[in-house]
Amino acid sequence: MILDELVLHNVGVFAGRHSFELTPPSPDKPIILIGALNGAGKTTFLDSIQLALFGPLARTASRGGGSYQSYLRRLIHNDAPLDEGAAIELAFHIVERGHERHYRLRRAWTGTATGARERVDVLVDDRPDGTLSRQWAERVDAFVPRGVAELFFFDGEKIETLAELDNAREVLRTAIGALLGLDLVDRLAADLTLVERNHKADQAAPAMQKVLETVRNKVEMHREQKEQTKRSVDEARGKLERAEKRLFDVNERLRLEGGELFDRSSELEAAKLHLAESAKDLDSRLRDAAAGTLPLQLVREQLLELAESAESELYDRRQRDIRDILQKRDRAILGQLKKQAVSAEVIKNVQDYLAADRKSQTGKEKMKPIAELSNESVVILRRLIDADLDAEIGNAQRLIDQRATVVQELDDVLQMIASVPREKALDELRQDRDDAYRAVAEATQLLNQAETEVAAAAAAEHEAERRLSGLLEKAADELGAAEDSRRVIEHSQRVRTTLSRFRHEASRRNVDRIQKLILESLQRLARKNRLITDIRIDPETFEVELQGRNGTVLLPQQLSAGERQLLAVSMLWGLGQASGRPLPVVIDTPLGRLDGIHRNHLLERYFPQASHQVILLSTDQEIDEAAWKRLRKHVGHTYQLEHDASSGSTRATTGYLW
């Protein structure tokens with residue numbers, strides 16, 4: 001299925017007619033990107049697609065409580081006359097039996113004193129189809145099954161809700177039931193239970209039937225109360241989600257205006273003092289180093305020459321000592337020879353030999369001393385040149401590097417201190433934040449109260465149901481029920497038992513495939529992150545168990561908020577694949593509270609591959625300029641929604657926010 005065009009006429013904030021071309025121009029550009037600030041009509045866009053398809057059964061975020069007709073009346077743009085009304089047109093095409101067929105669905109309504117009057121028209125290949133128009137509510141499941149629609153049409157709040165694994169159970173139960181057609185099994189089981197009750201009631205005596213009627217009325221009353229309180233829960237949850245979104249927006253504005261810096265001003269002042277003291281200490285240590293042997297590095301070559309000269313002088317001194325010793329030896333030898341009356345010629349030869357030997361042993365003549373250093377001084381000088389200076393230089397370089405780091409950090413802190421806004425400038429934003437916190441607290445309290453009322457109403461309904469079942473059993477037993485009714489009841493009970501076994505077995509067999517698809521989707525999103533190595537879904541309770549490395553069980557609180565949201569997206573992606581339906585994906589505000597890394601994962605690995613057609617509704621904060629550059633090569637069409645607060649209307653233009 002490909003959505004080709006959405007036309008909005010006087011719907012919500014859209015005054016007049018607005019047309020959006022949605023057909024991707026090529027398979028490698030599946031994304032249609034629609035940018036808008038908050039309140040400009042993104043949610044209306046998403047709701048309109050669902051409203052066009054499902055009418056009163058659409059699960060729209062803006063409907064709230066009240067009747068469907070009242071909701072339609074509220075959707076008419078404020079400046080549009082009620083008799084002109086509003087309309088939504090949705091054009092799409094699908095392939096049926098190898099042939100492409102084009103559909104255009106038009107849902108139009110006008111306002112009345114109490115609500116709205118609606119008309120549905122369907123064109124097939126540009127020809128009106130009266131039968132399909134009349135039966136659209138029954139036939140829509142052939143195009144987009146209501147049970148799986150929320151796997152393809154959802155918003156960021158849906159992702160956040162699903163990211164809390166306690167909430168995921170009900171979503172999985174509903175989605176898997178719809179995928180496998182188990183909702184039909186449940187309806188059949190409920191209908192059989194009603195048949196059994198009616199047969200049992202028919203067998204009761206008049207007095208018993210009166211009691212049964214009273215209890216039955218109580219069951220209906222409690223059931224109605226439960227449904228009303230469920231609507232209250234939905235309203236309270238919507239209010240809480242809006243309050244949390246407002247709080248997030250206010251905190252974001254505070255951050256952009258420097259509120260975070262203001263809150264950290266005392267911390268920044270302390271950091272400034274600490275860094276200044278550190279810089280002062282490093283300066284002192286560098287001065288100490290400069291007062292020692294470090295400056296000798298400047299004359300290292302001269303020191304090396306001095307050491308070599310001193311070593312030469314020491315060598316010459318040793319040679320002169322040796323020469324003196326040899327001269328004494330030679331004189332002693334010649335003296336002995338003379339005493340022995342050796343001939344003068346022999347003595348002359350020995351004398352010449354000894355002179356030549358001394359010269360060869362002692363080398364050159366005496367050199368002129370310059371350094372005049374002792375052997376110990378030369379050793380100290382050599383150690384200074386070969387080791388001590390290098391150590392001093394290394395220590396000085398470390399001190400210089402540390403000082404540069406401290407000075408840079410000090411400059412950064414001083415810049416942040418200079419950027420701290422005045423307290424008065426933040427007063428209004430801080431008041432908004434306090435109001436937002438109060439709104440969140442009030443909405444949380446309302447939600448808790450509504451959930452408590454739902455639980456109480458459900459318990460009362462269950463108790464009334466239990467009492468009704470007991471009375472019916474008693475009535476049937478006391479009266480010895482008629483044979484036909486007894487057979488109907490027995491057969492019905494056997495069928496319900498069979499249906500229960502069928503439901504369990506169908507869930508068990510298909511849950512394995514679904515959890516594999518969810519895990520594969522998560523691994524495609526996370527890629528290198530193997531924190532979660534397996535996902536288990538209980539086919540009875542639909543509780544989700546996450547397994548990490550070595551088969552250890554991971555608790556939800558061990559995952560970051562971003563990791564939980566990636567898991568939620570993976571669940572929707574995996575369930576969508578399990579449906580086997582080639583449907584487009586429409587997502588409103590998908591990146592609201594994700595950090596940079598997890599945003600990039602969705603930008604690069606999910607949006608371009610989520611489906612053959614992906615419609616993204618985003619703010620400038622979610623898909624900012626950097627994200628737009630990364631995503632642009634996959635984008636086929638772009639639109640921008642510009643809201644005029646003075647007129648209360650939105651205008652759609654081509655192009656994105658950047």
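Residues numbered from 1 in each chain as written. Predicted model: local features only at pLDDT ≥ 70, side-chain atom pairs only at ≥ 80, totals over all residues. Heavy atoms only, no water.

**Description of the overall build of the protein**
Along the protein, the regular secondary structure elements total 19 helices and 15 strands. Across the 658 residues that make up the protein, the buried fraction comes to 41%. Look at the contacts in the protein between residues 6 or more apart in sequence, and 73% of them connect residues 24 or more apart. (Helix = DSSP H or I, 4+ residues; strand = E, 2+ residues; numbered from the N terminus. Buried < 20%, exposed > 50% of the residue type's maximum accessible area, 1.4 Å probe, protein only. Contact = heavy atoms within 4.5 Å.)

**With respect to the nonpolar core**
L53, W109, I535, Y606 and F607 are the most contacted members of the largest nonpolar core, which totals 106 residues. If one sorts the elements of this core by residue count, helix α17 (residues 561–579) sits on top with nine residues. Excluding residues within four positions of it along the chain, F607 makes contact with I31, I587, P590, L591, L602, V614, L616 and L631. Residues A243, L247, V440 and A443 belong to the second largest nonpolar core, which totals 11 residues. (Core = buried A, V, L, I, M, F, W, Y, C linked by side-chain atoms within 4.5 Å.)

**Considering the sheet that holds strand β14 (residues 635–644)**
Sheets are built from strands paired through backbone hydrogen bonds, the pairs being either parallel or antiparallel. Taken in spatial order, the six strands line up as β8-β12-β13-β3-β14-β15 in an open sheet, and their pairing is mixed. Every other strand in the sheet has two partners, leaving β8 (153–155) and β15 (649–654) as the edge strands with one partner each. Averaged over all neighbouring strand pairs, the angle between strand axes comes to 15°, with direction disregarded. For strand β3 (residues 31–36) and strand β13 (residues 614–618), the ladder comprises five bridges, and the chain directions are parallel. Within β13, the residue paired with I32 across the bridge is I615. Packing of helix α1 (residues 42–54) onto the sheet brings it into contact with β3, β8, β12 (585–588), β13 and β14, and relative to β8 it is tilted by some 155°. (Pairing = 2+ DSSP bridges. Axes fitted to C-alpha atoms, helices over the stretch in contact; angles between N-to-C directions.)

**Quick word on the packing of helix α6 (residues 156–163) against α17**
At a minimum axis separation of 8 Å, α6 and α17 run at an interaxial angle of 105°. With respect to α17, the axis of α6 lies roughly perpendicular. When α6 is examined against α17, the residues I159, E160, L162 and A163 are found in contact with a partner set consisting of R564, Q565, A568, V569, M571 and L572. Residues that form the contact of α6 with α17 fall into these classes: seven nonpolar, one polar and two charged. (Parallel < 35°, antiparallel > 145°, perpendicular 65-115°, else oblique. Nonpolar A, V, L, I, M, F, W, Y, C, P; charged D, E, K, R; others polar.)

**Things to note about the pattern of salt bridges**
Two side chains bearing opposite charge may form a pair once their charged atoms approach each other closely. What the rule picks out here adds up to 25 salt bridges. R466 serves as the salt-bridge partner of E463, at 2.5 Å between the closest nitrogen and oxygen. Here the residue E463 and the residue R466 both occupy positions in helix α15 (residues 423–479), the gap between them amounting to three residues, near one helical turn. A cluster of three or more residues bridged by salt bridges with shared partners is formed by E5, R17, E89, R104 and R106. (Salt bridge = Lys/Arg side-chain N within 4 Å of Asp/Glu carboxyl O.)

**Some details on the pairing of β15**
Across six bridges, β14 lies against β15 in antiparallel orientation. Residue pairing for β15: E642 is matched across the bridge by R651.

**So, the side chain of S521**
Summarising the element assignment, S521 is placed in helix α16 (residues 483–526). Classification of S521 as buried rests on a relative accessible area of 1%. In this structure the side chain of S521 is engaged in a polar contact, spanning 2.9 Å, whose partner is the side chain of Q577. Discounting chain neighbours no more than four positions away, the residues touching S521 are S570, W573, G574 and Q577. (Polar contact = N/O pair within 3.5 Å; in protein donor to acceptor, adjacent residues only side chain to side chain.)

**What to know about unusual backbone geometry**
Although it is not a glycine, N10 sits at a positive phi angle of roughly 60°. If you trace the backbone, N10 turns up in strand β1 (residues 2–11). A positive phi angle, close to 60°, is found at A341, a residue other than glycine. Relative to the helices and strands, A341 is located in the loop between α12 (300–339) and α13 (344–362). Since its relative accessible area comes to 65%, A341 is described here as exposed.

**Remarks on the packing of aromatic side chains**
All told, the structure shown has 10 aromatic pairs when counted by the stated rule. On the numbers, 6.3 Å between centres and 90° between planes, the contact of F14 with F20 is edge-to-face. A single burial state applies to F14 and to F20, both of which are buried. Ring geometry for W628 versus Y656: centroids 5.4 Å apart, planes at 35°, classification tilted. Highlighted residues: W628 in helix α19 (residues 625–631) and Y656 in the segment after β15, separated in sequence by 28 residues. You'll find W628 and Y656 in the same group, each marked buried. Aromatic rings pair up to connect F14, F20, F45 and Y639 into one cluster. (Phe/Tyr/Trp six-rings, centres within 6.5 Å; stacked < 30°, edge-to-face > 60°.)

**Topic: α1**
The end-to-end C-alpha distance of α1 is 19 Å, a good match for the 18 Å that 13 residues give at a rise of 1.5 Å each. Every buried residue belonging to α1 is among K42, T44, F45, L46, D47, S48, I49, Q50, L51, A52, L53 and F54, and all of these are buried. Trailing α1 by a residue or two, G55 shows a phi angle of about 55°, which is positive. (Expected span 1.5 Å × (residues − 1).)

**Considerations on the sheet that holds strand β4 (residues 86–96)**
Spatial ordering of the open sheet is given by β2-β1-β4-β5-β6-β7, a layout of six strands whose pairing is antiparallel. Each edge of the open sheet carries a strand with a single partner, namely β2 (14–21) and β7 (127–128). Here β1 pairs with β4 via seven bridges, running antiparallel. Paired with I2 across the strands is H93, a residue of β4. The sheet strands contacting α1 are β1, β2, β4 and β5 (99–111), and the helix crosses β5 at an angle near 105°. Sheet strands in contact with helix α2 (residues 68–75) are β1, β5 and β6 (116–124), and its direction is about 80° off that of β6.

**Comments concerning the pairing of β6**
It is a general feature of regular strands that their side chains alternate between the two faces of the sheet. Across nine bridges, the pairing between β5 and β6 is antiparallel. In the sheet register, G111 faces β6, and the bridge partner there is A116. Pairing geometry for β6 and β7, over two bridges, is antiparallel. Following the sheet pairing, L123 is matched in β7 by P128. Hairpin remark: β6 followed by β7, antiparallel, with two residues in the connecting loop; positive phi at D125, about 50°.

**What to know about the confidence of the model for the protein**
The share of residues in the protein with pLDDT of 70 or more is 84%, and the mean pLDDT across the chain is 81. Taking the mean pLDDT of every element in the protein, the minimum, 57, falls on helix α10 (residues 259–263) and the maximum, 95, on β1. (pLDDT = per-residue confidence, 0-100.)

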